[in-house]
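# Residue-level structure breakdown
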Amino acid sequence: MNEDLLNRIAQALERLAPAPAPHTDWLTFPAYVWDGKSARGIDRLDAPALDLMQGIDKQKTAVVENVARLSRGAAAHDMLLWGSRGMGKSALLRAATLAAQTALPGSIALVQASPDAGLAQLFTELRGIDRSFLVFLDDLGFDAGDSSGARKLRSWLEGGVEARPANVRLAVTSNRRAIVERHLSEQDDPINPRDAVDDRLALADRFGLSLGFHNCTQDEYLAIIAGYAAYYGLAYDEGDALEWSKRRGGRSGRVAWQYVNELAGRAGRSLS
């Protein structure tokens, strides 16, 4: 067998064998994105200033304190942030993590993942690392027929053999408190009608901290815009701001930020 043939066989075997997952340095980056097999480090964690996040004062206080506890190695809760779209659930988690990193550099990192992306493997990697981690599952929701996914998440939160390690806490955002889809027909089911509802709420009950986010009032919407406008030195008209929200179909922190972005664009300014 000549050398050229041996080289071709070796190359073919290399193509067939899966490449080893790259080693992740879990102590360097402020944030990571987990794909189920490995993590990609994020050089900079972008988040709004906490002072600019208006209309969610109680939620902000609770999340910031809980993340600070985790960063210090103290007992902290898994968190469920549920409710209206665009009210800053994800942004608040980023901002709270950034605040904890500023107070204690290197103490904590945010890891974005999805529930079907090998969380058990992620927990195995994070276990024993001398750092705290907030594993972030964004916009989570299970279809009514997906009982296995919901039950697996319940097991990770509490009581299962693969429960997340002590230096890791889960932070989940969802548009609904029960996370699992529910139907009005469940209330009319003659066979244990309450059981179906309780089973789905059981997942939400696993979170030590569950916070609702609701559509902001007109005053809160304008206060958000006023804060951003003052921060970036932009002029605005309240009537124009309200007309913008009407065209967008509602008031929220996201709509307010989009309006501020529009103001900056009109003025030829950048928000970076």
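Read on for an overview of the structure.

Definitions and cut-offs
Residues numbered from 1 in each chain as written. Predicted model: local features only at pLDDT ≥ 70, side-chain atom pairs only at ≥ 80, totals over all residues. Heavy atoms only, no water. Helix = DSSP H or I, 4+ residues; strand = E, 2+ residues; numbered from the N terminus. Buried < 20%, exposed > 50% of the residue type's maximum accessible area, 1.4 Å probe, protein only. Contact = heavy atoms within 4.5 Å. Areas by Shrake-Rupley, 256 points an atom, 1.4 Å probe, with all protein chains shown as cover. Axes fitted to C-alpha atoms, helices over the stretch in contact; angles between N-to-C directions. Parallel < 35°, antiparallel > 145°, perpendicular 65-115°, else oblique. Left-handed = near helix turned anticlockwise from the far one by under 90°. Salt bridge = Lys/Arg side-chain N within 4 Å of Asp/Glu carboxyl O. Pairing = 2+ DSSP bridges. Phe/Tyr/Trp six-rings, centres within 6.5 Å; stacked < 30°, edge-to-face > 60°.

The number of helices and strands found in the protein is nine helices and seven strands. Each of the 272 residues in the protein was classed as buried or not, and the buried ones make up 43%. A fraction of 70% describes how many contacts in the protein between residues 6 or more apart in sequence connect residues 24 or more apart. Total accessible area on the protein stands at roughly 14700 Å², and carbon and sulfur atoms take up 49% of it.

Here histidine 23 lies in the loop between helix H1 (3-16) and strand S1 (31-34). For the pair formed by histidine 23 and alanine 39, sequence separation is 16 residues and the distance between their alpha carbons is 8.5 Å.

Okay, the packing of helix H2 (residues 57-71) against helix H3 (residues 89-103) next. Contact pair H2 / H3: the axes reach a minimum separation of 9 Å and the direction vectors enclose 45 degrees. On the basis of their axis angle, the class for H2 and H3 is oblique. Read as a crossing pair, H2 and H3 show a hand that is right-handed. Where H2 approaches H3, its residues Gln59, Lys60, Val63, Val64, Val67, Ala68 and Ser71 are matched on the opposing element by Leu92, Leu93, Ala96, Thr97 and Ala100.

Below, the discussion takes up the pattern of salt bridges. Per the counting criterion, the structure on display carries seven salt bridges. A salt bridge links glutamate 65 to arginine 72; the shortest N-O distance between them is 3.7 Å. Classification of glutamate 65 by relative accessible area gives partly exposed; the value is 36%. Measuring nitrogen to oxygen at the nearest pair gives 2.9 Å for the salt bridge that ties arginine 266 to aspartate 240. Remark: aspartate 240 occurs in helix H8 (residues 238-248) and arginine 266 occurs in helix H9 (residues 253-266); sequence separation between them is 26 residues. Overall, the relative accessible area of 46% leaves arginine 266 in the partly exposed class.

Moving on, we come to the sheet that holds strand S3 (residues 79-83). Within a sheet, adjacent strands bond to each other through the backbone by hydrogen bonds, running parallel or antiparallel. Ordered by their spatial adjacency, seven strands build an open sheet running S2-S1-S4-S5-S6-S3-S7, and the pairing between neighbours is mixed. The two strands at the open ends of the sheet, each matched to only one other strand, are strand S2 (39-42) and strand S7 (209-213). Along the sheet, successive strands turn relative to each other by an average axial angle of 20 degrees, direction set aside. On the sheet, H3 packs against S3, strand S4 (108-113), strand S5 (132-137), strand S6 (168-174) and S7 and is oriented at approximately 155 degrees with respect to S4. Contacts between helix H4 (residues 119-126) and the sheet are confined to S1, S4, S5 and S6, with S5 contributing the most and set at about 165 degrees to the helix.

The element S3 is extensively covered by neighbouring structure, given that five of its five residues are classed as buried. Relative to S6, S3 runs parallel, the two sharing four bridges. Within the sheet, the bridge partner assigned to leucine 81 lies in S6 and is threonine 173.

Once that is clear, we can look at the packing of aromatic side chains. According to the stated counting rule, one finds eight aromatic pairs in the structure shown. On the numbers, 5.7 Å between centres and 85 degrees between planes, the contact of tryptophan 26 with phenylalanine 133 is edge-to-face. In this pair, tryptophan 26 sits in the loop between H1 and S1 while phenylalanine 133 sits in strand S5, placing the two residues 107 residues apart along the sequence. Of the two residues examined, tryptophan 26 and phenylalanine 133, each falls in the buried class.

Purely geometric numbers; function is a separate question.
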